[in-house]
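Results of the structural survey
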Amino acid sequence: MAVHSKFRRFFYNRLATVGLFIVLVVLVVSAAAPILPLTDPNQTVLTNRLLPPGSEGHPLGADELGRDMLSRLIWGTRVSLAVGLSATAIAALVGSLIGIFAAFYGGWLDNTLMRGIDMLMAFPYMLLALAIVAVLGAGLFNALVAISVVNIPFFARNVRGATVGLVRLEYVDAARLSGKSDMEVLFGELLPNVLPVIFITISTTVGWMILETAGLSFLGLGAQPPTADLGSMLGEGRKSILVAPHVATLPGLVILVLVIGINLLGDGLRDVLDPYLRSGALVSPRPATEVDTDLRRRLRSGDAVEPGTEVSPDGPGGNDGGGNDGGTVPLSVRELRTWFWQRSGRTSSAVRATDGVSFQVPRGAALGIMGESGSGKSVTALSVLGLVPTPPGRIMDGSIRFNGEELIGAPIERLRHYRGNRIAYIFQNPMTSLNPLITVGEQIAESVRHHQGVSRAAARERAQELMDKVQIPNAAARVDSYPHELSGGMRQRVGIAVALANDPDVIIADEPTTALDVTIQAQILKLLDDLRRSEGVSLVFISHDFGVISELCDRVVVMYAGQVVESGTVDEIYRHPLHPYTRRLMACVPRLGDRARALTAIPGLPPALDDLPTGCRFADRCDVVTDACREAPVELRGHGAREARCILVEETSA
Amino acid sequence: MHRYIIKRLILMIPVLLGISIIVFFIMALIPGDAAQAILGSFATPENVARLRAELGLDKPLVQRYFIWLGNIVQGDFGRSYSLDRPVIDEVLDRLGPTMLLAGTSLILASILGMFAGIVAAIKQFGWQDAAFTFVVLIGISTPSFWLGLMFVLLFSLQLGWFPVSGMTAVVGGGGFLDVVRHLVLPSVTLAVVATGVIARLTRSTMLEVLRRDFVRSARAKGLPERTVIMKHAFRNALVNIIPVLGIQAGFVIGGAVYIETVFQWPGIGRMLVNAILTRDVLLVQGGVVVVAAIYVVINLMADVLQHVLDPRISV
Ligand code: SF4
């Protein structure tokens, strides 16, 4: 990924540079037109009529009146640029003023101005320009006015939108209270802050405006002879397109190159100015988390993979487990390292979201993974079936076995075979996790259809059964409901029904009740607990709340800063926490089963995961820290069932 | 659903009124006098006065607006002096070819643009995405009137594949295939810009949707990637793309002005340009009002379609 993104950044920067270069060359050449050794662009030499390019003294040939094409192109570009840029300046100035005033004063002024803008936008863009030219008459200046007017709405809208957000901010009030006049606030405080928006809008419209002014000239509504811009040259050259195609082709090419340059420059500018683009929000995750090539090679080399443990992909239902050594421990995670690669400038650094996590989920057991947000508990869960988004996520090391089969680096078909079938997920926010445009019944049924290959009708029936099973009242009617028509608790029941669709062996529930209110939370937990026992499924339950975990789970893994810091049974963790972090957490839990209690009230922040200390990651918040803690990485101490990552823990006490 | 459509239809009325006001008063701004402009500077004062009375120009502006509004509601846009026939007849004759051209282009641009946008979004960082960026850049930077000429030069004059201009062959034309042959070059030319815009939008919308939680849910069910992309992601993206298609319709209709001129297409764009050059004010006025009204209706249809696709938008 690092290579790709560097390539891309380079590519983009390069493109922006190319754009800048084109624009600069065009600007300089057209500005220098008067001092360049060019023939008079309007000098007609009839003997030179339609001279082809490459002729002596006329490198680009001549037009139908024998005028030198090169000279005309340069002078024409000068006119086109001047008109296009003036139109942009006028539209930007007027539009921005309208937008900023409307936002600042609000009320009726805002209403009137923006209604007017809406009205202008109710016209097809070009038609309004034509109507204006019709009134003012054909001519270059009138074309300029028309193009300016039709572009005003874009500036007015964008600038108003940006200003409205600013006006509500406190510093504007502060500036007003400090006795500044409206104008001082408007142009001293607001304008500088909306300038990026104005520039972004310019970058998206200027190329368009140059094209449109050229277009009006092409139609004969802009530049009138003897003035010529690129558009009118193109329009005149059309007449001789058959005998001398260069006369029409060249002005068009110049427009094309110029606008490409402007757009490239504009894209580069937006990359820098637009916080949305800069944040990298527009990156789509791949179907499965990428596995580091080195790890892939190591896994393929064989020593990490135990042969003969593959489960038949078509195993009926799969409840028979896998048969051999995976039988008692269907899911085991060892030394998992899933890192997020972040770029800053040209280097990329790793955020170690999980850094050597190991745990096992015995058949039929319920394991809790507890930790603050950012401790890596969700990333651990999502890594199991490769659902961590790449980019930026990447599995760097470790092994995840399901019934003995290695899942890391497994082909996507294998992962898909397990996803939602043998291992199912329940996600945190049922509102966003369900597709808003598809009925809940279908969202359950599609999983059944895909994995069991049954008919539409059968899958729908199964969906309804499942909805009954998760105690959705009146399931027969709710099958065709859309997610927004259900309450939060009902939606999460649908989420559970989706997870149960194919009788999975393992359910991974990632904070499934955090988004719900307390009474609903209790019902959902009860339901999960009942179902887990009745269906005989292993549960991995992720939460920041020990109270919730203690109700459902047998064992707990406590995570901190991407590592497991302690593991044991719920009872051990509660009664005899070994790690200072767990001890502090347990001190906050007044009574086992108080599920309203969240993990809070520990002073300090966990370390930045891209800049981890050498020694104990909890050292900065630990109340019993010693110098020794910071010297070297602290290993987990203890045996498999009871471990803690702290130098104060005696091997024997574990 | 029906209530929603009725509500939107009612909301359309003020927009249409606004359009009529803007067009009327812009036209009223014509320096000098429409009658003078029509008759030219050599007309006798009596003739000008008679035409003024005929056009109602001697009445106050607001009164004139209402008279005009009353007339256009009944389909009376006055008489085109340059063509010597009712404006509405000319506009209606020209409307069909323009809608055929613009409609074909918009459909073409939607299919190509969405397809390219989806591919670029799911192959992000791949060569497809880089190629896409390049093609979109060319698309949105090309002057369509020039591109049309280049197409004529290459495909009509050099290769002889398609006719140079017009909508039907002069001799024995008018059949379906004949019109299609004439339609290919202008509609492709007109579609280029819109394809770029739609592709760009589709790509960014898809990228945004693909990050949403429900796409992860779909993947967590083990659904094939095609289902994840089309059924889950694209459908949601489409809800956001459709209103923009409505707006693009406006740009395509506007762009048709150039293309109709290049290809001598007998549409409303060419009519408007000629009307402006001959200062046939009433013809311009009628053409602009009718096309703007159609644009409003197209946007209404886009809204209704969005409503159909998205059950969350409440009535
Ligand atoms: S290793 Fe040291 S700093 Fe870390 S938890 Fe133990 S005592 Fe605290």
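Note that the structure is predicted; figures quoted are calculated from it, not measured.

Tallying secondary structure elements over chain A gives 22 helices and 14 strands in all. Counting over 654 residues, chain A shows a buried share of 55%. Surface accessibility of chain A: about 27100 Å² in total, with carbon and sulfur atoms responsible for 59%.

With that out of the way, let us pick up the pattern of salt bridges. Residue and element names in this part refer to chain A. On inspection of all chains with the given rule, the structure shows 45 salt bridges over all chains. In this structure, Glu 290 engages Arg 394 in a salt bridge whose closest nitrogen and oxygen atoms are separated by 2.9 Å. Taken together, the residues Glu 290 in strand β1 (residues 290–291) and Arg 394 in strand β6 (residues 393–402) connect sequence positions 104 residues apart. Each of the two residues, Glu 290 as well as Arg 394, counts as buried.

Residues and elements named next belong to chain A. The buried count for strand β10 (residues 538–543) comes to six of six residues, which makes it a mostly enclosed element. Both faces of β10 are covered, namely the face carrying Ser 538, Val 540 and Ile 542 and the face carrying Leu 539, Phe 541 and Ser 543. Relative to β10, strand β5 (residues 366–370) runs parallel, the two sharing five bridges. Pairing of Ile 369 across the sheet is with Ile 542, part of β10. Sheet analysis places strand β9 (residues 506–510) next to β10, joined by five bridges and oriented parallel. Paired with Val 506 across the two strands is Ser 538, which belongs to β10. A crossover links β9 with its parallel partner β10, the connecting element being helix α19 (residues 518–535), and its sense is right-handed.

What follows is about the site of the ligand. Around the ligand, a shell composed of A:His579, A:Pro580, A:Cys616, A:Phe618, A:Ala619, A:Cys622, A:Val624, A:Val625, A:Cys629, A:Cys646, A:Ile647 and A:Leu648 is seen. Looking at the shell around the ligand residue by residue, the classes come out as eleven nonpolar, one polar and no charged.

Here we take up the packing of aromatic side chains. A complete count under the given rule lists 23 aromatic pairs over all chains for this structure. With 6.2 Å between their ring centres and 50° between their planes, A:Trp339 and A:Trp341 make a pair best called tilted. Through a chain of ring-to-ring contacts, the aromatic side chains of B:Phe24, B:Phe25, B:Tyr65, B:Phe66 and B:Trp68 assemble into a single cluster.

Let us now look at the domain arrangement of chain A. Interface size is commonly expressed as the accessible area that is lost once the parts come together. Domain boundaries assigned for chain A yield domain 1 (2–36 + 65–279), domain 2 (423–503) and domain 3 (568–653). When each unit is reduced to the centre of its C-alpha atoms, the spacing between domain 1 of chain A and domain 2 of chain A is 50 Å.

A separate point is a nonpolar patch on the surface. Residue and element names in this part refer to chain A. Nonpolar side chains collect at one region of the surface, where Ile 90, Leu 93, Val 94, Leu 97, Tyr 105, Met 183 and Phe 187 lie side by side and expose about 570 Å² of accessible area between them. Those elements that provide at least two residues to the nonpolar patch are α2 (69–105) and α7 (182–218). By residue number, the principal contributor to the nonpolar patch is α2, which donates five residues. On the secondary structure map, Tyr 105 appears in helix α2.

All names here are of chain A. Within the secondary structure, Asp 554 is located in the loop between α20 (546–552) and β11 (555–560). Residue classification places Asp 554 among the partly exposed positions, given a relative accessible area of 35%. Each C-alpha atom of the pair Asp 554 and Gln 464 lies 31 Å from the other, and the pair is 90 residues apart in sequence. Excluding anything up to four places from it in sequence, Asp 554 contacts Ala 365, Ala 366, Arg 532, Thr 569 and Val 570.

Attention shifts here to the interface of chain A and chain B. Taken together, the 84 residues of chain A in the interface contact 76 residues of chain B. Carbon and sulfur atoms supply 71% of the area buried between chain A and chain B, which totals about 7000 Å² over both sides. The largest share of the area that chain A buries against chain B comes from A:Phe123, A:Val135 and A:Leu437, three residues that together contribute 10% of it. Taken together, chain A and chain B are joined by five salt bridges. Note that B:Lys221 and A:Glu446 form a salt bridge whose closest N and O atoms lie 2.7 Å from each other. Connecting chain A to chain B are 25 residue pairs in polar contact (both at pLDDT 80 or more).

Any residue range with low pLDDT should be treated as having predicted coordinates unsuitable for detailed reading. Residues and elements named next belong to chain B. Here chain B averages 85 in pLDDT, while 94% of its residues score no lower than 70. Mean pLDDT values for the elements of chain B range from 66 in helix α2 (residues 34–39) up to 91 in helix α5 (residues 87–122). Listed scores for the predicted complex are pTM 0.83 and ipTM 0.86.

Moving on, we come to the environment of A:Ala619. Residues and elements named next belong to chain A. Locating Ala 619 in the fold gives a position in the loop between α22 (580–588) and β13 (637–639). The buried category is assigned to Ala 619, whose relative accessible area is 4%. Each C-alpha atom of the pair Ala 619 and Arg 583 lies 14 Å from the other, and the pair is 36 residues apart in sequence. Excluding anything up to four places from it in sequence, Ala 619 contacts Val 625 and Arg 630.

Further remarks concern helix α7 (residues 144–158) of chain B. Residue and element names in this part refer to chain B. Here α7 contains 15 residues, and its C-alpha end-to-end distance of 20 Å stays within 8% of the 21 Å for a straight helix at 1.5 Å per residue. Along its length, α7 reaches its greatest deviation from straightness, about 25°, at Val 152. With eleven of 15 residues buried, α7 lies mostly within the body of the structure. When we look at burial in α7, the residues that qualify are Ser 144, Phe 145, Trp 146, Leu 147, Gly 148, Leu 149, Met 150, Phe 151, Val 152, Leu 153 and Ser 156.

The next subject is empty space enclosed by the protein. A full pass over the atoms with the stated rule returns ten cavities of 30 Å³ or more. Empty space within the largest cavity amounts to approximately 200 Å³. Among the elements of the structure, α4 (125–136) and α7 of chain A together with α7, α8 (176–210) and α10 (225–263) of chain B are those that each provide at least two residues to the lining of the largest cavity. It is α10(B) that provides the largest number of residues to the lining of the largest cavity, a total of seven residues.

Next up on the list: the side chain of A:Asp68. Residue and element names in this part refer to chain A. Looking at where Asp 68 falls in the secondary structure, it is placed in the loop between α1 (2–31) and α2. Put simply, Asp 68 is tucked away with no salt bridge, and the nearest opposite charge, on Arg 72, sits 8.9 Å away. A distance of 3.0 Å separates the side chain of Asp 68 from the backbone nitrogen of Ser 71, its partner in a polar contact. Contact partners of Asp 68, with chain neighbours within four places excluded, come to Thr 39, Gly 57, His 58 and Gly 61.

All names here are of chain A. Strand order across the open sheet formed by eight strands is β8-β9-β10-β5-β11-β12-β14-β13, with mixed pairing between neighbours. In the strand order of this sheet, the two ends are held by β8 (423–426) and β13, each with one partner. With strand direction ignored, the average angle separating the axes of adjacent strands in the sheet is 20°.

Further remarks concern unusual backbone geometry. A cis amide bond, omega 5°, links A:Pro225 with the succeeding residue A:Pro226. Position of A:Pro226 among the secondary structure elements: in the loop between α7 and α8 (230–237). Residues other than glycine seldom take positive phi values, yet A:Ala561 does so here, at roughly 50°. A:Ala561 gets classed as buried once you look at its relative accessible area, which sits at 2%. The phi torsion at B:Gln264 lies on the positive side, around 50°, for a residue other than glycine. For B:Gln264, the position within the fold is in the loop between α10 and α11 (268–277).

Glancing now at the pairing of β9(A). Residue and element names in this part refer to chain A. Along β9, five of the five residues are buried, which leaves the element largely enclosed by surrounding structure. The side-chain alternation of β9 yields two buried faces, one formed by Val 506, Ile 508 and Asp 510 and the other by Ile 507 and Ala 509. The sheet contact formed by β8 and β9 spans four bridges and is parallel. Each bridged residue has a counterpart across the sheet, and for Ala 424 the counterpart in β9 is Ile 507.

Rules behind the numbers
- The numbering scheme is per chain: residues are counted from 1 as the chain's sequence reads.
- As they are written, the chains are lettered A onward and the ligands numbered 1 onward, keeping that order.
- Selection of residues for local features in this predicted model requires a pLDDT of at least 70, selection of side-chain atom pairs for listing and counting requires 80 or more, and totals for whole chains, interfaces and linings are taken over all residues.
- For side-chain calculations, the full set of non-hydrogen atoms in the structure is used, while hydrogens and water are omitted.
- Numbering goes from the N terminus for both helices and strands, where a helix is a DSSP run of H or I of at least four residues and a strand is a run of E of at least two.
- Exposed residues in this analysis have more than 50% of their type's maximum accessible area, buried residues have under 20%, and partly exposed residues fall in between, with area computed by a 1.4 Å probe over protein chains only.
- Computed by Shrake-Rupley with a 1.4 Å probe, the accessible areas treat only the displayed protein chains as cover when residues are assessed.
- Each salt bridge in this description consists of a side-chain nitrogen of Lys or Arg and a carboxyl oxygen of Asp or Glu lying within 4 Å of one another.
- Paired strands are those between which DSSP finds at least two bridges.
- The path from the first strand over the helix to the second decides the hand: if it runs clockwise while the strands point away from the viewer, the crossover is right-handed.
- We define proximity as follows: a residue is near a molecule or strand when any one of its heavy atoms falls within 4 Å of that partner.
- The classification used treats Ala, Val, Leu, Ile, Met, Phe, Trp, Tyr, Cys and Pro as nonpolar, Asp, Glu, Lys and Arg as charged, and all other residues, Gly among them, as polar.
- Note on aromatic contacts: the rings of Phe and Tyr and the six-membered ring of Trp form a pair at centre separations within 6.5 Å, being stacked when their planes are under 30 degrees apart, edge-to-face when over 60 apart, and tilted otherwise.
- For the domains described, the bounds stem from an automatic or database domain assignment.
- Surface patches are defined over residues having more than 30% relative accessible area and no salt bridge, joining like charges when they lie within 9 Å and nonpolar side chains (Val, Leu, Ile, Met, Phe, Trp, Tyr) when within 5 Å.
- Note on definitions: a residue-residue contact is assigned when non-hydrogen atoms from the two residues lie within 4.5 Å.
- Once two parts are brought into contact, the accessible area they lose, counted with a 1.4 Å probe and summed over both, makes up the buried area.
- Polar contact criterion, stated in full: a pair of N or O atoms within 3.5 Å, where within protein one must be able to donate a hydrogen and the other to accept it, and residues adjacent in sequence count only if both atoms are side-chain atoms.
- A residue's pLDDT is the predictor's confidence in that residue, given on a scale from 0 to 100.
- Every helix has an expected span of 1.5 Å times one less than the residues it contains.
- Bend at a given residue is defined as the angle between two axes, one fitted to the seven residues that end at that position and one fitted to the seven that begin there.
- The rule is simple: put a 1 Å grid over the protein atoms alone, call a set of points where a 1.4 Å probe fits but cannot get out a cavity, call an open set with protein on both sides within 12 Å along at least five of seven lines a pocket, and count a residue as lining if it has an atom within 4 Å of a point.
- Grid points are joined across faces, edges and corners, and a volume is the space filled by probe spheres set on the points.
- When charges are tallied, Lys and Arg are placed among the positive residues and Asp and Glu among the negative ones, while His and the ends of the chain are skipped.
- Convention adopted: a line fitted to C-alpha atoms gives each axis, helices being fitted over their contacting stretch, and angles between N-to-C directions are expressed from 0 to 180 degrees.

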